[in-house]
Amino acid sequence: MKAAFFTTNGPAKTVLRVLDVARPEPGPGEVRVRVTLSAINPGDMWMRENSAPEDFRTVGERRGRIPHQDGTGVVDAVGAGVDPSRIGERVWLWMAGSGTPWGTAAEWTVVPSEQAVRSPDGTSDELGASLGIPAMTAHWCLHADGSPADRTVLVAAGAGAVGHYAIELGKIAGARIATTVSGPEKAALARAAGADLVVNYRDADAARQILDGAGPVDRIIEVALTDNLELDLAVAAPGATIVTYAAQPVDPTLPVFRLLWPNLVLRFALFLTEPREALLRSAAEITSALERKLLSPLPVHSFGLDDVVAAHEAVERGITGKVVLDLR
């Protein structure tokens, strides 16, 4: 089968190749999926640059790994212990290639059965591929400290992938959602997702706009703690939780007394080390939202498998929307 492959760390144009590799076979508890769309996340850039030696496994005669965690496809084979009726099922994928070399940037992948989640009727491949890491990270950030129902939640970067689903899943859970963006195009995306208040974080009075429009916020879902900590502290209610799910090149300097005085909680959230039961809960609740037609895709930018380098470079440029490899 054809697959994107890298055998060492480095820039996309230096290390990524499209090769013929052996098609995987599902082991016990696994399913094999014929991939339709392979979705790319910023975390895939980090893995390409920083994979540890033990992350490179032997695939056929080559040692390396196939990138990407998320995507969509159709189950075409099952391993021992998996109901054969799953063959032919359309699925959305999460955490493919975690602990194995079989990411989704290939014509086939294998994953544990529960990581290939049935796509409800009417769910497009584009929507299914947009889920995975972004939607499940958003769900964890929303729910890790209890239900966000009747709470005011501030979502940083509401037009980003995690931000988009934090808005939609937060509204489903009964939260009031304020969000920050950097311009009119992104503001339109955040409003379309259902945000109650959209503020340009570059405005000098951004904190005042949030307080006037939404009041002090109970939970903050943060992508750039170093850049946004001052804004977060300015709008946080006493006892609020700031949940950050991404790292920046420069770590923040924490003003400890300003965190202590209002009894704030600073939580760190990483999808790959999230408790398994929380991941499974997220997948189930996301699928329930899909069944009710309550989730929407991000703007999708499609590349062919042979253009995987260009696709990675588009993500690195910060393109708005979701970048996918189309293998249909």
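An unreviewed UniProt entry lists the protein chain under the name NADPH2:quinone reductase, with Amycolatopsis lexingtonensis as the source organism.

Caption draft 1: Seen up close, the nonpolar core. Counting residues in each nonpolar core, the largest one holds 42 residues, and the members touching the most others are Trp 92, Trp 94, Leu 131, Tyr 165 and Leu 295. Where this core is concerned, the elements lending two or more residues are α4 (132–143), β10 (152–155), α5 (161–172), β11 (176–181), α6 (184–193) and α10 (276–291). If you tally residues by element for this core, the top one is α4, at seven residues. When residues no more than four places from it in sequence are discounted, the contact partners of Trp 94 are Gln 69, Asp 70, Glu 114, Gln 115, Val 117, Gly 132, Met 136, Phe 271, Arg 276, Leu 279, Leu 280 and Ala 283. Of all hydrophobic cores here, the second largest spans 29 residues; its members include Ala 3, Val 35, Ile 40 and Val 308.

Caption draft 2: Representation of the pairing of β10 in the model. In β10, alternate side chains face the same way, and those of Thr 152 and Leu 154 on one face and Val 153 and Val 155 on the other are all buried. Of the pairings in the sheet, the one linking β10 to β11 comprises four bridges and is parallel in character. Paired with Val 153 across the strands is Ile 177, a residue of β11. Regarding topology, α5 serves as the crossover connection from β10 to the parallel β11, and that connection is right-handed. Bridge count for β10 against strand β13 (residues 217–222) is three bridges, and the pairing is parallel.

Caption draft 3: Representation of the packing of α4 against α10 in the model. Running from N to C, α4 and α10 point in directions that differ by 110 degrees, and their axes come no closer than 9 Å. Judged by the inter-axis angle, α4 sits roughly perpendicular to α10. Only Ala 278, Leu 279, Arg 281, Ser 282, Ala 283, Glu 285 and Ile 286 of α10 make contact with α4, whose side of the interface consists of Ala 135, Met 136, His 139, Trp 140 and His 143. Tallied by class, residues from the contact of α4 with α10 come to seven nonpolar, three polar and two charged.

Caption draft 4: Structural context of a nonpolar patch on the surface. A cluster of nonpolar residues, Leu 254, Val 256, Phe 257, Leu 260 and Trp 261, forms a patch on the protein surface that exposes about 600 Å² of accessible area. Its location among the elements puts Leu 254 in the loop between β14 (236–244) and α9 (256–260). Residue Leu 254 is classed as partly exposed on the basis of its relative accessible area of 38%.

Caption draft 5: Here's a closer look at the pattern of salt bridges. For the structure on display, the rule yields 19 salt bridges. Linking Lys 2 and Asp 306 is a salt bridge whose minimum nitrogen-to-oxygen distance equals 3.2 Å. One end of the pair, Lys 2, is in strand β1 (residues 2–5); the other, Asp 306, is in the loop between β16 (300–304) and α11 (308–316), and 304 residues separate them in sequence. Taking the relative accessible area as the measure of exposure, Lys 2 reaches 31% and is therefore partly exposed. Note that Arg 328 and Glu 126 form a salt bridge whose closest N and O atoms lie 3.1 Å from each other. Here the residue Arg 328 occupies a position in the segment after β17 (322–326), and Glu 126 occupies one in helix α3 (residues 125–130), the gap between them amounting to 202 residues. Look at Arg 328 and you get exposed, because its relative accessible area is 54%. Among the residues examined, Glu 126 registers a relative accessible area of 23% and is labelled partly exposed. One continuous salt-bridge network, built from bridges that share partners, spans Arg 90, Asp 125, Glu 126, Asp 326 and Arg 328.

Caption draft 6: Summary view of the packing of aromatic side chains. Tallied over the full model, the rule gives two aromatic pairs. Here the aromatic rings of Phe 6 and Phe 56 are separated by 5.7 Å at their centres, their planes lie at 85 degrees, and the arrangement is edge-to-face. Residue Phe 6 is located in the loop between β1 and α1 (12–15), and its partner Phe 56 is located in the loop between α2 (42–50) and β4 (57–59); the two are separated by 50 residues in the primary sequence. Overall, Phe 6 belongs to the buried group, its relative accessible area being 1%. When the ring of Phe 257 is compared with that of Trp 261, the centres are 5.7 Å apart and the planes differ by 35 degrees; the resulting orientation is tilted. Trp 261 matches Phe 257 in its accessibility class, with the two residues each being exposed. Across from the ring centre of Trp 108, 4.9 Å away, lies the NZ or CZ of Arg 23, which sits over that ring.

Reading the values: rules and limits
- Residues numbered from 1 in each chain as written.
- Predicted model: local features only at pLDDT ≥ 70, side-chain atom pairs only at ≥ 80, totals over all residues.
- Heavy atoms only, no water.
- Core = buried A, V, L, I, M, F, W, Y, C linked by side-chain atoms within 4.5 Å.
- Buried < 20%, exposed > 50% of the residue type's maximum accessible area, 1.4 Å probe, protein only.
- Helix = DSSP H or I, 4+ residues; strand = E, 2+ residues; numbered from the N terminus.
- Contact = heavy atoms within 4.5 Å.
- Pairing = 2+ DSSP bridges.
- Right-handed = clockwise from strand over helix to strand, strands pointing away.
- Axes fitted to C-alpha atoms, helices over the stretch in contact; angles between N-to-C directions.
- Parallel < 35°, antiparallel > 145°, perpendicular 65-115°, else oblique.
- Nonpolar A, V, L, I, M, F, W, Y, C, P; charged D, E, K, R; others polar.
- Patch = residues over 30% accessible without salt bridge, like charges linked within 9 Å, V, L, I, M, F, W, Y side chains within 5 Å.
- Areas by Shrake-Rupley, 256 points an atom, 1.4 Å probe, with all protein chains shown as cover.
- Salt bridge = Lys/Arg side-chain N within 4 Å of Asp/Glu carboxyl O.
- Phe/Tyr/Trp six-rings, centres within 6.5 Å; stacked < 30°, edge-to-face > 60°.
- Lys NZ or Arg CZ within 6 Å of the ring centre and 35° of its normal.

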